[in-house]
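# Notes for the structure review
The residues making up each chain are set out below.
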Amino acid sequence: RLVNEKVVVRAKVNDASAQDFVVDTGWENTVITRTTAQKLGITPVTYTLSAGVGGVGLRGLQLARIDSLELGSLKLRNVPCLIKNPPLQDIPVKETEGLSPLALGYSMIIDYKTHKLTFGKHLPDEARDFELPMRVHRLATVRGTVDGRQVNFVIDTGGEVISISSATASTLAKPEGSRRIALKVYGTSGWDPDAFLMPGVDLMFDAIPYKNFPVVVLNLNAPSALLGFQLGGIVGHKFLSKYRVAIDMDRSVLRLKVIS
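All of the points below concern the structure found in this document.

Definitions and limits used
Residues numbered from 1 in each chain as written. Predicted model: local features only at pLDDT ≥ 70, side-chain atom pairs only at ≥ 80, totals over all residues. Heavy atoms only, no water. Helix = DSSP H or I, 4+ residues; strand = E, 2+ residues; numbered from the N terminus. Rg over C-alpha atoms; globule rule 2.2 N^0.38 Å. Buried < 20%, exposed > 50% of the residue type's maximum accessible area, 1.4 Å probe, protein only. Contact = heavy atoms within 4.5 Å. Areas by Shrake-Rupley, 256 points an atom, 1.4 Å probe, with all protein chains shown as cover. Lys, Arg positive; Asp, Glu negative; His and termini not counted. Charge placed at Lys NZ, Arg CZ, Asp CG, Glu CD. Pairing = 2+ DSSP bridges. Salt bridge = Lys/Arg side-chain N within 4 Å of Asp/Glu carboxyl O. 1 Å grid on protein atoms, 1.4 Å probe; cavity = no way out; pocket = protein on both sides within 12 Å on 5 of 7 lines; lining within 4 Å. Points joined across faces, edges and corners; volume = space filled by probe spheres on them. Nonpolar A, V, L, I, M, F, W, Y, C, P; charged D, E, K, R; others polar. Phe/Tyr/Trp six-rings, centres within 6.5 Å; stacked < 30°, edge-to-face > 60°. Lys NZ or Arg CZ within 6 Å of the ring centre and 35° of its normal.

### Considering the overall build of the chain
Secondary structure summary: the chain contains four helices and 22 strands in total. The C-alpha atoms of the chain give a radius of gyration of 18 Å, which matches the 18 Å a tight globule of 260 residues would have. Referenced to the eigenvectors of the C-alpha coordinate spread, the extents of the chain come out at roughly 55 × 45 × 30 Å. Taking all 260 residues of the chain together, the buried fraction comes to 48%. Here the contacts in the chain between residues at least 6 apart in sequence split such that 62% fall between residues at least 24 apart. For the chain, the accessible surface area stands at approximately 12,400 Å², while carbon and sulfur atoms represent 51% of it. Seen as two clouds, the 31 positive and the 25 negative side-chain charges of the chain have centres 2 Å apart.

Quick look at the structure:
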């Protein structure tokens, strides 16, 4: 189901009762909260670094293993996971559990019209209106252009808007004094104090144009450093929800079928 522009499914951890997980391709691991880990006796093994949108930047999290993860008819064993510990402070909502079929080794289809999620090792070669070449290095990215410049965009089903990085924004030839509308934005690493809305940007994804479009500008330096290449931006719900979305790991493509 869709909750606050996020795809939510029910899953069981270690044969416990089913609970909500956000389907979030912006995570490179299954993630659980500290509360869930303590309740189910999931013991951390070590610490690791993660990074996302927010002022914390690089964020230390605990690394652990889930004995079993069950989604519908699929049951996986010995699944690596991140525990959101220490938890973020001073954000307006509680942190949630999240999973990415891509991180579990599966391709996926999200049909935003029928509210159905399909995933498997191999996807059928369905009809599409657009097909974008996709690169997967920890996260899945596609190429787009920002005012004619090619950049990488993360395919983020847990994100809400189309955003560009502050590094990308700094390269745009905008007139001095162009409007920058301050925003309050938080992500997986807390509040981003430098976020703002930039109107009048031209975006293009294959043959999909966004002319004179307002984009959110975020500091993506920390996730770029962790990934080892500069992220140009993120495409989230506002972009994806117009389509039946297939993220095909076999063929390394993002297929988009317009929802009638």
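### Points about the pairing of strand E21 (residues 243-248)
With five of six residues buried, E21 is to be regarded as a mostly interior element. One ladder, built from four bridges, connects strand E9 (residues 107-111) with E21; its direction is antiparallel. When the sheet's bridge partners are listed, Ile109 is paired in E21 with Ala246. Across six bridges, E21 lies against strand E22 (residues 253-258) in antiparallel orientation. Bridge assignment links Val245 to a residue of E22, and that residue is Leu256.

### So, the pattern of salt bridges
Throughout the structure, instances matching the rule amount to 15 salt bridges. Close ionic contact of Arg10 with Asp20 constitutes a salt bridge, the shortest N to O distance being 2.9 Å. Taken together, the residues span a long stretch of sequence, with Arg10 in strand E2 (residues 6-13) and Asp20 in strand E3 (residues 19-23) at a distance of ten residues. With a relative accessible area of 29%, Asp20 lands in the partly exposed category. In the salt-bridge network here, residues are joined through shared partners; they are Arg1, Arg10 and Asp20.

### Considering empty space enclosed by the protein
Going through the model one piece at a time under the given rule, you end up with one cavity of 30 Å³ or more. The residue inventory of the lining of the largest cavity, partitioned by class, reads five nonpolar, no polar and five charged.

### Some remarks on unusual backbone geometry
Here the residue pair Asn85 and Pro86 is connected by a cis peptide bond, since its omega of 5° sits within 30 degrees of zero. Following the sequence through the fold, Pro86 ends up in the loop between strand E7 (74-84) and strand E8 (98-99). Backbone geometry at Glu5 places phi at a positive 65°, although glycine is not the residue there. Structurally, the position occupied by Glu5 is in the loop between strand E1 (2-3) and E2.

### Focus on the packing of aromatic side chains
With the rule as written, the count across this model stands at nine aromatic pairs. Geometrically, the ring pair formed by Tyr106 and Phe119 is edge-to-face, given 5.8 Å between the ring centres and 75° between the ring planes. In this pair, Tyr106 sits in the loop between E8 and E9 while Phe119 sits in strand E10 (residues 116-120), placing the two residues 13 residues apart along the sequence. Judged by relative accessible area, Phe119 falls into the partly exposed class, the value being 24%. Arranged with centres 6.2 Å apart and planes meeting at 90°, the rings of Phe130 and Tyr243 form a pair that is edge-to-face. Here the residue Phe130 occupies a position in strand E11 (residues 130-137), and Tyr243 occupies one in strand E21, the gap between them amounting to 113 residues. Accessibility assignment for this pair places Phe130 and Tyr243 in one class, buried. Put simply, the rings of Phe130, Phe153, Phe205, Tyr210, Phe213, Phe239 and Tyr243 pair up and form one aromatic cluster. Geometry around Tyr106 places Lys121 over its ring, the cationic atom sitting 4.6 Å from the centre. Of note, Lys184 hangs over the ring of Trp191, and the distance from its end group to the ring centre comes to 5.0 Å.

Interpretation note: all reported values are geometric properties and have no functional meaning in isolation.
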